[in-house]
Amino acid sequence: GTGPGGRITRADVEKAAAPHAGDGVDTSATREEPTRLRQAIASAMSLSAAIPQFSLERDVDVAALRAALEDRSPGGSSSVSLADAVGLATARAIAQHRVFLRSWRDGAFEIRASVNLGLAVAVEDGLIVPVLRDANALTLDGFSDARRDLQERTLAGKLKAAESSGAVFTISNLGPLGVDRFRALVNPPES
């Protein structure tokens, strides 16, 4: 303390409580309240931390798949993308391996009847996951058309609330951004 006999004064306490340069506190920072979308994202991703998560990876040669997609429309003008083919394959794999239709809720497994596939879409304020219903039952063209429609309406802010719930599994695609690998968080209550 700086008081008589080394006693601690009010000024000593106030000085100790004030932020110091270099202590990690930015005294020029401002506070920004999150939008409702960002609040919902933060809440869901915080819940995600409670879900046991692991990743399995495997490199796959998709040259034949790319060639088959190109052959569907010579010159490469087909609207069906590699991501559409992978998305449909994922939905069909989930239908064959029904363990992915389970989620843990209130002390028991809830088993979904349909393969509703979430498709992560980046928007200005965060990430929205529109849901492609019964995705495994679609044709490749049907999957592509439905995916494109959901993505366009999501980006335009025209997605209905019911169209962003009920997914059993979500696909995130960062390949167009040059990302080779990443580990997405599980979107609760998905498996």
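Only a predicted model underlies this, so the values are computations on that prediction, with no experimental measurement involved. (Residues numbered from 1 in each chain as written. Predicted model: local features only at pLDDT ≥ 70, side-chain atom pairs only at ≥ 80, totals over all residues. Heavy atoms only, no water.)

Caption draft 1: Main features of the overall build of the protein chain. A tally of regular secondary structure across the protein chain gives five helices and seven strands. The order of helices and strands in the protein chain, counted from the N terminus, is α-α-α-α-β-β-β-β-β-β-α-β. Against the 2.2 N^0.38 benchmark of 16 Å for 191 residues, the protein chain shows a C-alpha radius of gyration of 24 Å, more extended than a compact globule. Projected onto the principal axes, the alpha-carbon positions of the protein chain cover approximately 90 × 45 × 35 Å. (Helix = DSSP H or I, 4+ residues; strand = E, 2+ residues; numbered from the N terminus. Rg over C-alpha atoms; globule rule 2.2 N^0.38 Å.)

Caption draft 2: Here's a closer look at helix H5 (residues 140-155). For H5, built from 16 residues, the straight-helix expectation of 22 Å at 1.5 Å per residue is met to within 8% by its first-to-last C-alpha distance of 22 Å. Listed as buried for H5 are Phe143, Ser144, Arg147, Leu150, Arg153 and Thr154. Of the surrounding secondary structure, the elements contacted by the buried residues of H5 are helix H4 (82-96), strand S3 (117-119), strand S4 (121-123), strand S5 (126-128) and strand S6 (131-132). (Expected span 1.5 Å × (residues − 1). Buried < 20%, exposed > 50% of the residue type's maximum accessible area, 1.4 Å probe, protein only. Contact = heavy atoms within 4.5 Å.)

Caption draft 3: Focus on the environment of Leu47. Considering the arrangement of structural elements, one finds Leu47 in helix H2 (residues 36-48). Residues Leu47 and Arg153 lie 106 residues apart in sequence; the distance between their C-alpha atoms is 27 Å.

Purely geometric numbers; function is a separate question.
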